[in-house]
Protein chains: 2
Amino acid sequence: MSSVRVELGSRSYDIVIGGGLLRRPQSFAAVASPRASALVVSNTTVAPLYAQALHDSLLPHFARVLRCVLPDGEQYKDWQTLNQVFDTLLEQHCDRRSVLFALGGGVIGDTTGFAAACYMRGVDFVQVPTTLLAQVDSSVGGKTGINHPAGKNMIGAFHQPRLVVADTDTLRSLPRRELQAGLAEVIKHGAIADSGFFEWLEGHVEALLELDPQAVEHAVRRCCEIKAAVVARDETESGTRALLNFGHTFGHAIEAAMGWGSWLHGEAVAAGMVVAAELSVALGSLGREPQQRLLDLLRRAGLPVEVPALPVSRYLELMRVDKKAEAGAVRYVLLEGLGAARLGPASDEQAARALLAHGAQAPQALAGA
Amino acid sequence: MSSVRVELGSRSYDIVIGGGLLRRPQSFAAVASPRASALVVSNTTVAPLYAQALHDSLLPHFARVLRCVLPDGEQYKDWQTLNQVFDTLLEQHCDRRSVLFALGGGVIGDTTGFAAACYMRGVDFVQVPTTLLAQVDSSVGGKTGINHPAGKNMIGAFHQPRLVVADTDTLRSLPRRELQAGLAEVIKHGAIADSGFFEWLEGHVEALLELDPQAVEHAVRRCCEIKAAVVARDETESGTRALLNFGHTFGHAIEAAMGWGSWLHGEAVAAGMVVAAELSVALGSLGREPQQRLLDLLRRAGLPVEVPALPVSRYLELMRVDKKAEAGAVRYVLLEGLGAARLGPASDEQAARALLAHGAQAPQALAGA
């Protein structure tokens, strides 16, 4: 078992990582509140697998343990689904001391966290991520929210969890495609922040795909350490936290263009990283050799390295409404070798168009290389 | 012109109070952002009166000034209406630097503030209150949110404005009933925090009803000073801020029982204060003479001092889901003479029932006195 601390003053919290944590009441002792209600929020896929185990682990710590099961999928990350959580909380007369537990992947974590941020102007919540993507990325850092038809995560809040319990055993029930998608964010952490970890991934990507317990725990811990350090320095993304968005500017546009849920988030980020790396090469901050290593690693992880063939104007339109855009100007995250990243210059629409026309063709050429 | 500072560290802000402020660009210079968008959010009643004037005052300070006009009324303080603000922001490609301006009463302020809290995980907003209730109470302190069918303000956030501009000239267009409702919160501030101000109100309630400019500015400033001091000590209502809820526990129940919008918030708070004062007498913390003075002042302000005749069980049910309840136990705010208040003991359901049966009858007896 490993533990990583996210240092945020009075809102600091621990991420605990290991096999079997979900089934141990001790894992949740830090948030025990014997007179309060616990509400487990999960989805129709995950709840049948783990909700009862979590329920049993929480029971010693709370007055009662309630359950709210949502439909599964990115397309349900909307107000209607969020309202199901509020309805449950209000029907059950849950008060301000209630604690919500997000049991599932990124969609459940984001939705549950946002429900906790808004219910009675804010109650506590705990992340219990059951996907690799959620364990290495979305469960840490307090970004919560839902989608709007016009853009991903447009409605949300910064609301830090009280605790993150990442039970690596739950990854055994994860479809291979989702495991691969999670590896995109793992590779991203190495690429932007730690060349040693990137090298380690080059030596262990097959072990991760086979869910070797030690390899998985190491990868999850290292990603959480990297993310925790970034979040501690810049909680609300006024600066360096934006580097975590490497591959996401274009990735979000792919997700939106293809329809939410058609491409998995990690798949879109993988293709987005390929474009961003190509831009980094074009702008002279990345060499061809590290670019090729990134591409090779993504391919070995079974991830897409080509972007869907859509008009550049469509991508530009989608990126213009991205949260990271300012007055329509998009700022890409660029690599400076493997293990270091920087925020590129704000590119106006014309520059973005030229870069994109270049970048969007490149992956196809590379993929054929 | 008066100015009151709300001290909240990096989130401190000014409340400026006076006649004609809306028509002066200088009033908004503190939030100028020449490359950003301003969005004026108002309703169908207030927009025709003041939106153009505010638009003209903002134009020198922003790249563009947009408008979003919502339906008028507490019954529209819901997700559908909130989403109209998000739709406008997204259709117009408003980025993270955008500033929202809440032009209207408490419903507009709460809805707009919550939209600002959630849009792209938080943008700035400014309160431009046009009702007495909003100027003396709801525009200050950062409580934002919308209603849920099961309870008032159940979904929301603490999100402080960057500036509050209270133009007392706008009160001239306020229906008399709403002016009276606003006086309920004015009287509340005197009753819980300042016996001198309470006495001043006893001497000036008619001047306030006639909108005497000096009297109005004094009352708004004193209320804002009292509220600012309370909020600075306890922003998220973990302690003393709860004293501002004097009259609100029962008041919210009246509003819910009668249907949102049937009783004005201030009217319900007035009747709620009568009940809370009666409870204060019953529990020995308030004498009959100050109780009578409170009742007289409310009556002179044209406010209801009788609660609607409904079964005690209905009120209890409604109070049980109030945000201020914990595990179904309600804590009333009690007066300790005029100008001082304290949080009463947590009363379990049985005690609350007994108190209420007592309190709910008392006002009718008093009203007939």
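From a predicted model like this one, the values you see are computed outputs, not experimental measurements.

## Here we look at the overall build of chain A
Item 1. Per the secondary structure count, chain A includes 12 helices and 11 strands.
Item 2. Compactness check: chain A gives a C-alpha radius of gyration of 20 Å against a globular reference of 21 Å for 369 residues, within 12% of the reference.
Item 3. Counting over 369 residues, chain A shows a buried share of 55%.
Item 4. Across chain A, contacts joining residues at least 24 apart in sequence account for 75% of those joining residues at least 6 apart.

## What to know about the domain arrangement of chain A
Residues and elements named next belong to chain A.
Item 1. The domain architecture assigned to chain A consists of domain 1 (2–173) and domain 2 (193–367).
Item 2. Here the C-alpha centroids of domain 1 and domain 2 sit 27 Å apart.
Item 3. Counting residues at the interface gives 32 residues for domain 1 and 26 residues for domain 2.
Item 4. By residue number, the principal contributor to the side of domain 1 that touches domain 2 is strand S8 (residues 151–158), which donates five residues.
Item 5. Looking at the side of domain 1 that touches domain 2 residue by residue, the class counts come to 13 nonpolar, 13 polar and six charged.

## Looking at the interface of chain B and chain A
How big an interface is tends to be reported as the loss of accessible area on association of its parts.
Item 1. Each partner contributes to the interface: chain B provides 31 residues, whereas chain A provides 31 residues.
Item 2. Broken down by secondary-structure element, the contributors of at least two residues to the side of chain B that touches chain A are helix H2 (79–91), helix H3 (106–118), strand S7 (143–148) and strand S8 (151–158) of chain B.
Item 3. Per element, the largest residue contribution to the side of chain B that touches chain A is six residues, and it comes from S8(B).
Item 4. Looking at the side of chain B that touches chain A residue by residue, the classes come out as 15 nonpolar, seven polar and nine charged.

## Digging into the pairing of S8(A)
Item 1. Bridge count between strand S7 (residues 143–148) of chain A and S8(A): five bridges; the pairing is antiparallel. Bridge pairing in S8(A) places A:Gly145 opposite A:Gly156.

## Some details on the sheet that holds strand S4 (residues 62–70) of chain A
Residues and elements named next belong to chain A.
Item 1. The strand order across the open sheet built from seven strands is S1-S2-S9-S6-S5-S3-S4, with neighbouring strands paired in mixed fashion. On the outer flanks of this sheet lie strand S1 (2–6) and S4, each paired with one strand and no other. Here the average twist between neighbouring strands, direction ignored, is 15 degrees.
Item 2. Two strands pair when backbone bridges link them, and strand S5 (residues 99–104) and strand S6 (residues 124–129) are joined in this way by six bridges, in the parallel orientation. Within the sheet, the bridge partner assigned to Ala 102 lies in S6 and is Gln 127.
Item 3. Here helix H2 (residues 79–91) sits on the sheet and contacts strand S3 (33–43) and S4; the angle it forms with S4, its principal contact strand, is near 150 degrees.
Item 4. Taken strand by strand, helix H7 (residues 213–233) contacts S1, strand S2 (13–18) and strand S9 (163–167), and its axis lies near 10 degrees from that of S1.

## Some thoughts on the packing of helix H8 (residues 248–258) of chain B against helix H11 (residues 312–320) of chain B
All names here are of chain B.
Item 1. Orientation of H8 relative to H11, taken along the N-to-C sense of each, is 110 degrees, at an axis distance of 9 Å. Compared by their axis directions, H8 and H11 come out roughly perpendicular. Between H8, through Thr 249, Ala 253, Ala 256 and Ala 257, and H11, the contact on the second element is made entirely by Arg 314, Tyr 315, Leu 318 and Met 319.
Item 2. Taken together, the residues of the contact of H8 with H11 sort by class into six nonpolar, one polar and one charged.

## Let's talk about the confidence of the model for chain A
All names here are of chain A.
Item 1. When the pLDDT values of chain A are averaged, the result is 91; 93% of them are 70 or greater.
Item 2. Here residues 361–369 is modelled with pLDDT under 50, and outside its nearest four sequence neighbours on either side it reaches 13 contacts, counting other chains as well.
Item 3. Of the two predicted TM-score estimates for the complex, the pTM is 0.92 and the ipTM is 0.90.

## Section: the packing of helix H9 (residues 265–282) of chain B against helix H10 (residues 288–300) of chain B
The geometry of a pair of packed helices is captured by two quantities: the angle between their axes and the separation between those axes.
Residues and elements named next belong to chain B.
Item 1. Where H9 contacts H10, the axes come no closer than 10 Å and their chain directions differ by 175 degrees. Relative to H10, H9 is oriented roughly antiparallel. Counted together, Ala 270, Met 273, Val 274, Ala 277 and Val 281 of H9 and Arg 288, Gln 291, Leu 294, Leu 295 and Leu 298 of H10 form the full contact between these two elements.
Item 2. In terms of residue class, the contact of H9 with H10 is made up of eight nonpolar, one polar and one charged.

## Side note on the nonpolar core
Item 1. Of all hydrophobic cores here, the largest spans 244 residues; its most connected members are A:Val41, A:Phe101, A:Leu103, B:Val41, B:Phe101 and B:Leu103.
Item 2. Excluding its chain neighbours within four sequence positions, the residues that come into contact with B:Leu103 are B:Val40, B:Val41, B:Ser42, B:Val46, B:Tyr50, B:Ala51, B:Leu54, B:Ile108, B:Val128 and B:Thr130.

## Thoughts on the relation of the copies chain B and chain A
Here the two chain copies are tied together by a rotation about an axis and a shift along that axis.
Item 1. For the pair chain B and chain A, the relating rotation is 180 degrees, the translation along its axis is 0.0 Å, and the fit reaches an RMSD of 0.0 Å. A rotation of that kind, with that shift, is consistent with a two-fold axis. Of every C-alpha in chain B, the one belonging to B:Trp79 sits nearest the axis of rotation, 4.1 Å from it.

## What to know about unusual backbone geometry
All names here are of chain B.
Item 1. Despite not being glycine, His 93 has its phi angle at roughly 55 degrees, a positive value.
Item 2. Structurally, the position occupied by His 93 is in the loop between H2 and strand S5 (99–104).
Item 3. The backbone phi angle of Arg 121 is positive, close to 65 degrees, even though this residue is not glycine.
Item 4. One can find Arg 121 in the loop between H3 and strand S6 (124–129).

## Considerations on the environment of A:Arg67
Residue and element names in this part refer to chain A.
Item 1. Tracing the backbone shows Arg 67 in strand S4.
Item 2. Measuring from C-alpha to C-alpha, the distance between Arg 67 and Leu 209 comes to 32 Å, with 142 residues separating the pair along the chain.
Item 3. The residues contacting Arg 67, other than those within four sequence positions of it, are Val 40 and Ala 51.

## Overview of the sheet that holds strand S4 (residues 62–70) of chain B
All names here are of chain B.
Item 1. Pairing is mixed in the open sheet, where seven strands are placed in the order S1-S2-S9-S6-S5-S3-S4. The strands lining the two open edges of the sheet, one partner per strand, are strand S1 (2–6) and S4. Taking the axes of each pair of neighbouring strands and ignoring which way they run, one obtains an average angle of 15 degrees across the sheet.
Item 2. Pairing between S1 and strand S2 (residues 13–18): five bridges, direction antiparallel. Counterpart to Ser 3 in the pairing with S2 is Val 16.
Item 3. Sitting on the sheet, helix H1 (residues 47–58) is in contact with strand S3 (33–43), S4, S5 and S6, with an inclination near 175 degrees to S3.
Item 4. Packed onto the sheet, H3 meets S3, S4, S5 and S6 and runs at close to 170 degrees relative to S5.

## Things to note about the environment of A:Gln180
Residue and element names in this part refer to chain A.
Item 1. Residue placement: Gln 180 occurs in helix H5 (residues 176–193).
Item 2. According to the C-beta neighbour criterion, Gln 180 is buried, with 23 such atoms within 10 Å.
Item 3. Counting along the chain gives 153 residues from Gln 180 to Val 333, while the straight-line C-alpha distance between them is 22 Å.
Item 4. Apart from the residues lying within four places of it in its own chain, the contact partners of Gln 180 are Ala 301, Gly 302 and Leu 303.

## Looking at helix H1 (residues 47–58) of chain A
Residues and elements named next belong to chain A.
Item 1. Those residues of H1 lying buried are Ala 47, Tyr 50, Ala 51, Leu 54, Ser 57 and Leu 58. Across the axial projection of H1, the buried residues extend over an arc of 130 degrees, all falling on one side. In H1, those exposed residues whose orientation departs by more than 90 degrees from the buried face are Pro 48 and Gln 52.
Item 2. For H1, the elements touching its buried residues are S3, S4, S5 and S6.

## Side note on the pairing of S4(A)
Residues and elements named next belong to chain A.
Item 1. Bridge count for S3 against S4 is eight bridges, and the pairing is parallel. Bridge pairing in S4 links Ser 37 to Arg 64.
Item 2. Since S3 and S4 lie parallel, the crossover through H1 that links them has a hand, and here it is right-handed.

## Some words on helix H9 (residues 265–282) of chain A
Item 1. For H9(A), built from 18 residues, the straight-helix expectation of 26 Å at 1.5 Å per residue is met to within 8% by its first-to-last C-alpha distance of 25 Å.
Item 2. Of all the 18 residues making up H9(A), 16 are buried; the element is thus mostly covered by neighbouring parts of the structure.

Analysis parameters
Here the residue numbering is sequential within each chain, running from 1 through the sequence in written order. The order in which chains are written sets their letters, starting at A; the order in which ligands are written sets their numbers, starting at 1. Confidence filtering applies because this is a predicted model: local features only for residues at pLDDT of at least 70, side-chain atom pairs given and counted only at 80 or more, and all residues used for totals across whole chains, interfaces and linings. By definition, any uninterrupted DSSP run of H or I lasting at least four residues is a helix, any uninterrupted run of E lasting at least two residues is a strand, and each is numbered from the N terminus. For the radius of gyration, the atom set is restricted to C-alpha positions; the globular benchmark scales as 2.2 Å times the number of residues to the power 0.38. Counts of 20 or more other C-beta atoms within 10 Å of a residue's own C-beta define buried residues, counts of 12 or fewer define exposed ones, and intermediate counts define partly exposed ones; C-beta atoms are placed from the backbone. What counts as a contact here is a pair of residues whose C-beta atoms, placed from the backbone, lie within 7 Å. Residue ranges assigned to each domain were obtained from an automatic or database domain assignment. Note that Gly is not counted as nonpolar here; it falls among the polar residues with everything else outside the nonpolar set of Ala, Val, Leu, Ile, Met, Phe, Trp, Tyr, Cys and Pro and the charged set of Asp, Glu, Lys and Arg. Two strands pair if DSSP finds at least two bridges between them. A fitted line through C-alpha atoms serves as each axis, taken over the contacting stretch for helices, and the angle formed by two N-to-C directions is quoted from 0 to 180°. By definition in this entry, angles of less than 35 degrees are roughly parallel, angles greater than 145 are roughly antiparallel, angles of 65 to 115 are roughly perpendicular, and the rest are oblique. Within a predicted model, pLDDT stands for the predictor's per-residue confidence, ranging from 0 to 100. For our purposes the nonpolar core covers buried Ala, Val, Leu, Ile, Met, Phe, Trp, Tyr and Cys residues that link as a set through C-beta atoms within 7 Å. We place the copies in one frame by least squares, fitting the C-alpha atoms of every residue whose pLDDT is at least 70 in both. Along the arc lie the directions from the helix axis toward the C-beta atoms. Crossovers are described as right-handed under a simple rule: with the strands pointing away from the observer, the path leading from the first strand over the helix to the second runs clockwise. Any helix carries an expected span of 1.5 Å times its number of residues minus one.

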